[in-house]
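The primary structure of each chain is shown beneath.
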Amino acid sequence: QVQLVESGGGLVQAGGSLRLSCTASGSIFSINAMGWYRQAPGKQRELVATITGVESTIYADSVKGRFTISRGNAKNTVYLQMNSLEPEDTGTYYCKAVVSDFRTYWGQGTQVTVSS
């Protein structure tokens, strides 16, 4: 089993920054990719950013230039540095991991609230 635990969410004013962290634990041999998704009230869950084991990254158009995804040296941790936050960034942010057998795991989510 693999468990993902997110942290770093909170309340911040527009223009501020937050750094989200997600750490995978359990029976992990390798992680092919990790990413962040978010879901705002009344909206579908959407991709924010992903990063692969070879450091390839993909960002949603809405966060390009503001957010940066990275992985820790242990490769079981992913970070999301969020700068210039906007009220539209408000939502629950979920960590996702795809492991070597291509099973997908999700964290429980961390709340990000950006006030105007």
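The structure this text deals with has already been given above.
Residues numbered from 1 in each chain as written. Predicted model: local features only at pLDDT ≥ 70, side-chain atom pairs only at ≥ 80, totals over all residues. Heavy atoms only, no water.

## Some thoughts on the side chain of Lys96
By the element assignment, Lys96 lies in strand β9 (residues 91–99). Non-local contacts of Lys96, meaning those with residues more than four positions away in its chain, are made with Leu4, Ala33, Met34, Gly35, Tyr37, Thr104, Tyr105 and Trp106. (Helix = DSSP H or I, 4+ residues; strand = E, 2+ residues; numbered from the N terminus. Contact = heavy atoms within 4.5 Å.)

## A short note on the nonpolar core
Residues Leu4, Trp36, Leu80, Met82 and Tyr93 are the most contacted members of the largest nonpolar core, which totals 28 residues. If we ignore the near neighbours within four places in the chain, the residues touching Leu4 are Cys22, Thr23, Ala24, Met34, Cys95, Lys96, Ala97, Tyr105, Trp106, Gly107 and Gln108. (Core = buried A, V, L, I, M, F, W, Y, C linked by side-chain atoms within 4.5 Å. Buried < 20%, exposed > 50% of the residue type's maximum accessible area, 1.4 Å probe, protein only.)

## Focus: unusual backbone geometry
For Glu55, which is not glycine, the phi dihedral falls at a positive 75 degrees. On the accessibility criterion, Glu55 (39% relative accessible area) is partly exposed. Despite not being glycine, Phe102 has its phi angle at roughly 70 degrees, a positive value. By relative accessible area, Phe102 is classed as exposed at 61%.

## Re the pattern of salt bridges
Side chains that differ in charge, positive against negative, can pair when their charged atoms come close. Under the counting rule described, the total for this entry stands at 5 salt bridges. In this structure, Glu46 engages Arg38 in a salt bridge whose closest nitrogen and oxygen atoms are separated by 2.8 Å. Overall, Arg38 belongs to the buried group, its relative accessible area being 7%. Between Lys64 and Asp61 there is a salt bridge, and its shortest N-O distance comes to 3.1 Å. Asp61 shares its class with Lys64; the two are exposed. (Salt bridge = Lys/Arg side-chain N within 4 Å of Asp/Glu carboxyl O.)

## Let's talk about the sheet that holds strand β8 (residues 77–82)
Read across the open sheet, the 4 strands follow the order β1-β3-β8-β7; overall the sheet is antiparallel. Each edge of the open sheet is held by one strand with a lone partner, namely β1 (2–7) and β7 (67–71). Adjacent strand axes in the sheet meet at a mean angle of 15 degrees, parallel and antiparallel pairs treated alike. As paired strands, β1 and strand β3 (residues 18–26) are joined by 6 bridges and run antiparallel to one another. If you follow Gln3 over to β3, its bridge partner there is Ser25. (Pairing = 2+ DSSP bridges. Axes fitted to C-alpha atoms, helices over the stretch in contact; angles between N-to-C directions.)

## Observations regarding the pairing of strand β5 (residues 46–52)
Sheet topology places strand β4 (residues 31–39) next to β5; 6 bridges connect them, and they run antiparallel. Residue pairing in the sheet places Arg38 in a bridge with Glu46 of β5. Between β4 and the antiparallel strand that follows it, β5, lie 6 residues; Gly42 among them carries a positive phi value of about 80 degrees. Bridging between β5 and strand β6 (residues 57–59) involves 3 bridges; their strand directions are antiparallel. Residue pairing in the sheet places Ala49 in a bridge with Tyr59 of β6.

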